[in-house]
Amino acid sequence: MLADSSHRCIMITGDNPLTAIHVARDVEIVDRDTLILDLRENLAREADLVWRTDETKIIPVDPFQPLDQRLFDEYDICVTGAAMKQFEFRPSWNDLVQNTWVYTRVSPTQKKFILTSLKMLGYTTLMAGNGTNDVGALKQAHIGVALLDGTPEDLQKIAEHLKVERIKKVYESQLKMSARFEKVPLPVPPAIAHLYPDVARKKNPMEKFDLASITDAMANMKGDKDVPQIKLGDASCAAPFTSKPSHVAASESVCAYYRECLLNFGTVTHIIRQGHCTLVATIQMYKILALNCLITAYSLSVQFLDGIKFGDYQVTVSGMLMSVCFLCISQAKPVEKLSWERPLGNIFNLYVLLSMLLQFAFHIVSLVYITNLSRFLEPAGEIDLETKFKPSLLNTAIYLLGLSQQVSTFTINFQGRPFREGIRENSSLYWGLVGASAVAFCGATDFKKRYMI
């Protein structure tokens, strides 16, 4: 999913190059023949490097000379930590780090250096790791994800144990209260009956109360010895995100372990999908708020010049409808599939500003036209700002047009797919906009005169 959505995935590990390449090919990080940049066997000097395959091909490499770019077009690249040491802080390092897919036998410092180099080249980086060796790289990455060792069964047992502990604590407080006032103790809840066998066997007059229904959903634990302990390590302290064990299953073999880590990497895609969704929602909210504020400001200023103001019902109805729409617009969920497209990263760009200016210009032209038409059909009378509200043609026209324009700003500026659910999939927002449109339509067509405001 990550590769299909224009996200580049690389592997950084301390394992053997051949093992890492085998796993990387299994999870489709590499799909071509792989060249390994490593020290030459029986090297004469520390900078004696070669390109080699897992078969027989060997190409000498001089770290002081530029790299042959044709190799990057023909092969996927794997670099060992020893070879990487010779390229650090050299001009050819930038070319190497942008074309390498697998790093092996690297130290914690080198992991950190890889992330720093990618950031300096303008990449947005996400690092996932589960050990102390990954702390430096997790801190350097824009997004750090710590992985915990465990299984779904472990999480289930921990959740059940915590529920039993909460029931036990409440029941013990009830026993103390019953003893204090010399009352018959309450029956033992079924979830903790095994902890109080003597009490559970006694007849209790309070058993007529249906307490079992309260604890039916609670699991029955055998004892504290069966509860696994999943502790947060150094990686969790360094990373802002921690992946629950349900995404990474422990395995006996190295290859199977990596396969589970990479194939079940749901946390990473979840973070990216939520990030895209949040970014899109934030930008569209700024646009909608800006346009609605400009529309409301013009409407109020035009009416104020003629001594007219909005009625209480007008403000209440429009305020409630817009509040529902703003609440519902934030409920759109991210789509399951990551998109190849990228959302806008900043509200201050030409597209957003030009879109807002063009929309506001269209709204202003409509408001000016309706204002002039209303003044032509019903000339303004004496201006008195202290008088009570009275419905007028200008007031009604400006209110209904402003309400329609606010609905249109939600509809036009709502951005759904490919990042979030579409407006038809967000049923609460869809019907909220339909309701606001119906109010404006009924008022404009004089559907019910007593609601003419």
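The structure under discussion appears in the preceding block.
Since the model is a prediction, treat every value here as computed from it, not as a measurement.

A.B. asks: Tell me about the overall build of the chain, and please be specific about residues and values.
C.D. replies: Regarding its fold elements, the chain presents 16 helices and nine strands. Of the contacts formed within the chain by residues at least 6 apart in sequence, a portion of 69% connects residues at least 24 apart. For the chain, the computed accessible surface area is about 26700 Å², with 58% contributed by carbon and sulfur atoms.

A.B. asks: Explain the packing of aromatic side chains to me, using residue names and the numbers behind them.
C.D. replies: One pair of aromatic rings is described through two measures. These are the centre distance and the angle between the planes. Scanning all chains against the criterion turns up four aromatic pairs. Taking the centre distance of 5.2 Å and the plane angle of 75° together, the rings of Tyr430 and Trp431 count as edge-to-face. Clustering of aromatic rings is evident, with ring pairs tying together Phe89, Trp93 and Phe113. One cation-aromatic arrangement involves Arg8 over Trp101; the distance from NZ or CZ to the ring centre is 4.8 Å.

A.B. asks: A description of a nonpolar patch on the surface should follow, citing residues and the corresponding values.
C.D. replies: Residues Tyr369, Leu373, Phe376, Leu377 and Leu393 make up a contiguous nonpolar surface patch of roughly 550 Å² in combined accessible area. Here the nonpolar patch takes four residues from helix H14 (residues 350–377), the largest share from any one element. With respect to the element layout, Tyr369 can be found in helix H14. For Tyr369, a relative accessible area of 54% corresponds to the exposed category.

A.B. asks: Outline the nonpolar core, supporting the account with residue identities and numerical values.
C.D. replies: Formed by 28 residues in total, the largest nonpolar core has its most connected members in Leu37, Trp51, Trp93, Leu96 and Tyr103. For this core, the elements supplying multiple residues, two or more each, are strand E2 (34–39), strand E3 (49–52), helix H2 (69–74), strand E5 (76–80), helix H3 (81–87), helix H4 (93–99), helix H5 (108–120) and helix H6 (135–140). Counting residues per element, this core draws most heavily on H5, at four residues. Grouped together as the second largest cluster of nonpolar side chains are 18 residues, Ile329, Leu400, Ala436 and Ala440 included.

A.B. asks: Got a sec to walk through H14? Specific residues and values, please.
C.D. replies: In this model, H14 (28 residues) spans 40 Å end to end at C-alpha, consistent with the 40 Å of a helix rising 1.5 Å per residue. Those residues of H14 lying buried are Val352, Ser355, Met356, Gln359, His363, Leu367, Thr371 and Ser374. For H14, the N-terminal capping position is held by Asn349, with its side-chain oxygen 3.1 Å away from the main-chain nitrogen of Tyr351.

A.B. asks: Go over H5 with me, naming the residues and quoting the values.
C.D. replies: Three- or four-residue spacings in an α-helix give side chains the same orientation, since the helix completes a turn every 3.6 residues. For H5, built from 13 residues, the straight-helix expectation of 18 Å at 1.5 Å per residue is met to within 8% by its first-to-last C-alpha distance of 19 Å. Within the sequence span of H5, burial applies to Gln110, Lys111, Phe113, Ile114, Leu115, Ser117 and Leu118. For H5, the elements touching its buried residues are strand E1 (11–12), H3, H4, strand E6 (100–104), strand E7 (126–129) and H6. Directly after H5, the chain includes Gly122, whose backbone phi takes a positive value near 95°.

A.B. asks: Let's hear about the pattern of salt bridges: which residues, and what values?
C.D. replies: Tallying each qualifying case throughout the model produces five salt bridges. The residue Arg52 makes a salt bridge to Asp38 at a minimum N-O spacing of 3.2 Å. Placement of Arg52 in strand E3 and of Asp38 in strand E2 is noted, with a sequence separation of 14 residues between them. Of the residues examined, Arg52 reaches a relative accessible area of 24% and is grouped as partly exposed.

A.B. asks: Go over the pairing of E5, please, and point to the residues and values.
C.D. replies: The two faces of a sheet get side chains in turn, since along a regular strand they alternate between them. Counting buried residues along E5, five of its five residues qualify, which places the element largely inside the surrounding structure. Pairing of E2 with E5 involves four bridges; the strand directions are parallel. Bridge assignment links Thr34 to a residue of E5, and that residue is Asp76. Bridge analysis of E5 against E6 gives four bridges, and the strand direction is parallel. Directly across from Cys78, in E6, lies its bridge partner Val102.

The rules behind the values
- Residues numbered from 1 in each chain as written.
- Predicted model: local features only at pLDDT ≥ 70, side-chain atom pairs only at ≥ 80, totals over all residues.
- Heavy atoms only, no water.
- Helix = DSSP H or I, 4+ residues; strand = E, 2+ residues; numbered from the N terminus.
- Contact = heavy atoms within 4.5 Å.
- Areas by Shrake-Rupley, 256 points an atom, 1.4 Å probe, with all protein chains shown as cover.
- Phe/Tyr/Trp six-rings, centres within 6.5 Å; stacked < 30°, edge-to-face > 60°.
- Lys NZ or Arg CZ within 6 Å of the ring centre and 35° of its normal.
- Patch = residues over 30% accessible without salt bridge, like charges linked within 9 Å, V, L, I, M, F, W, Y side chains within 5 Å.
- Salt bridge = Lys/Arg side-chain N within 4 Å of Asp/Glu carboxyl O.
- Buried < 20%, exposed > 50% of the residue type's maximum accessible area, 1.4 Å probe, protein only.
- Core = buried A, V, L, I, M, F, W, Y, C linked by side-chain atoms within 4.5 Å.
- Expected span 1.5 Å × (residues − 1).
- Polar contact = N/O pair within 3.5 Å; in protein donor to acceptor, adjacent residues only side chain to side chain.
- Pairing = 2+ DSSP bridges.

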